[in-house]
Amino acid sequence: MIVNSREMLQQAKKGHYAVPHFNINNLEWTKYILEECQTLQIPVILGVSEGAARYMGGFHVVTMLIKGLVQDLGITIPVCIHLDHGKSVEVCVEAIRAGFTSVMIDASMLSLEENITKTKQVVDYAKKYDVTVEAEIGRVGGSEDGVADQIYYAKLEDCKRLYEATNIDSLAPALGSVHGLYHGEPKLDFETMKQIDDALPIPLVLHGGTGIPAEQIQKAIFSGISKININTELQITWSKAVRNYLKENDVVYDPRKIIGSGELAMKKKIREIVQIFQTR
Ligand code: 13P
């Protein structure tokens with residue numbers, strides 16, 4: 001069932017667990033994630049950056065790919081098709097027109113006022129199609145889609161202002177997480193996280209889920225996080241398995257065997273991640 005993220009995230013917020021957002025890049029990853037989440041009987045958010053969508057051919061390819069897999073594999077869990085880090089109003093509109101059920105407008109690099117203006121434009125458009133909108137405040141560190149960023153911690157007052165002015169469905173307040181690998185221990189600001197959660201009625205999102213120790217992930221969930229984004233961890237898991245397979249099978253050339261050699265490791269990693277997100 002293809003849905004927006006509203007219901008699944010509100011339930012997660014109530015139940016103190018997190019819905020996984022896994023980034024996808026191709027047919028095989030999408031299939032493995034859907035199959036494993038169906039086996040686990042949990043809702044899932046398939047995150048697609050603009051770069052990943054263009055890599056696959058475009059936003060229509062992504063929605064048709066996911067819809068086709070859901071139908072042919074008999075997937076019955078709630079599945080959300082989500083634009084990750086939409087950098088402009090135009091790209092959010094493009095994704096919505098192609099059938100995405102959820103978008104993130106990431107105007108966090110702009111001033112608060114400009115962030116509000118752009119986010120509001122996306123919310124006004126998305127509402128007509130019952131598409132949910134995530135926004136970001138502060139700055140997630142590290143690099144994604146080749147763009148490197150410094151960490152800026154979100155401020156409670158700015159989060160309140162953004163929410164009240166835009167009526168977004170979820171908020172990603174950057175509170176010390178980074179995209180990609182951490183250099184040293186992550187330093188998440190749980191206190192501000194909890195204050196934002198107490199002040200806003202909407203679910204909060206944690207970007208840069210890779211490399212955050214399990215106890216910190218669970219502490220974040222109990223501080224208001226209902227959606228956690230994971231990308232790098234699956235990339236590392238999959239590529240390690242494929243590299244080992246190629247080392248042991250140096251004459252193999254069937255792409256199904258090569259790409260598929262990462263399937264079991266990826267599914268195992270998904271199970272481990274989901275278990276941490278369940279907090280039970
Ligand atoms: P990681 O690559 O660090 O897991 O972060 C993913 C993410 O936040 C996507 O938006």
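Rules used throughout
- Residues numbered from 1 in each chain as written.
- Predicted model: local features only at pLDDT ≥ 70, side-chain atom pairs only at ≥ 80, totals over all residues.
- Heavy atoms only, no water.
- Helix = DSSP H or I, 4+ residues; strand = E, 2+ residues; numbered from the N terminus.
- Rg over C-alpha atoms; globule rule 2.2 N^0.38 Å.
- Buried < 20%, exposed > 50% of the residue type's maximum accessible area, 1.4 Å probe, protein only.
- Contact = heavy atoms within 4.5 Å.
- Areas by Shrake-Rupley, 256 points an atom, 1.4 Å probe, with all protein chains shown as cover.
- Lys, Arg positive; Asp, Glu negative; His and termini not counted.
- Charge placed at Lys NZ, Arg CZ, Asp CG, Glu CD.

Asker: Explain the overall build of the protein to me, please; I cannot follow it from the model alone.
Answerer: Along the backbone of the protein there are 12 helices and 12 strands. Taken over the C-alpha trace, the protein has a radius of gyration of 18 Å; the compact-globule value for 280 residues is 19 Å, and the two agree within 12%. The proportion of buried residues among the 280 residues of the protein is 55%. Restricting to contacts in the protein with at least 6 residues of sequence separation, those with at least 24 account for 69%. Summing over all exposed atoms, the protein offers an accessible surface of approximately 12,700 Å²; the carbon and sulfur share of this is 53%. Positive and negative side-chain charges of the protein, numbering 30 and 35 respectively, have mean locations separated by a distance of 2 Å.

Asker: Which parts of the structure should I look at to understand unusual backbone geometry?
Answerer: Most peptide bonds take the trans configuration, and most residues that are not glycine carry a negative phi. Positive phi values are uncommon outside glycine, yet Gln41 reaches one of about 60°. Relative to the helices and strands, Gln41 is located in the loop between helix H2 (27-40) and strand S3 (44-49). The backbone of Asp130 shows a phi angle near 55°, a positive value even though the residue is not glycine. Position of Asp130 relative to the elements: it lies in the loop between helix H6 (112-127) and strand S6 (132-137). A residue is classified by how much of its surface remains accessible, and Asp130, at 46% relative accessible area, is partly exposed.

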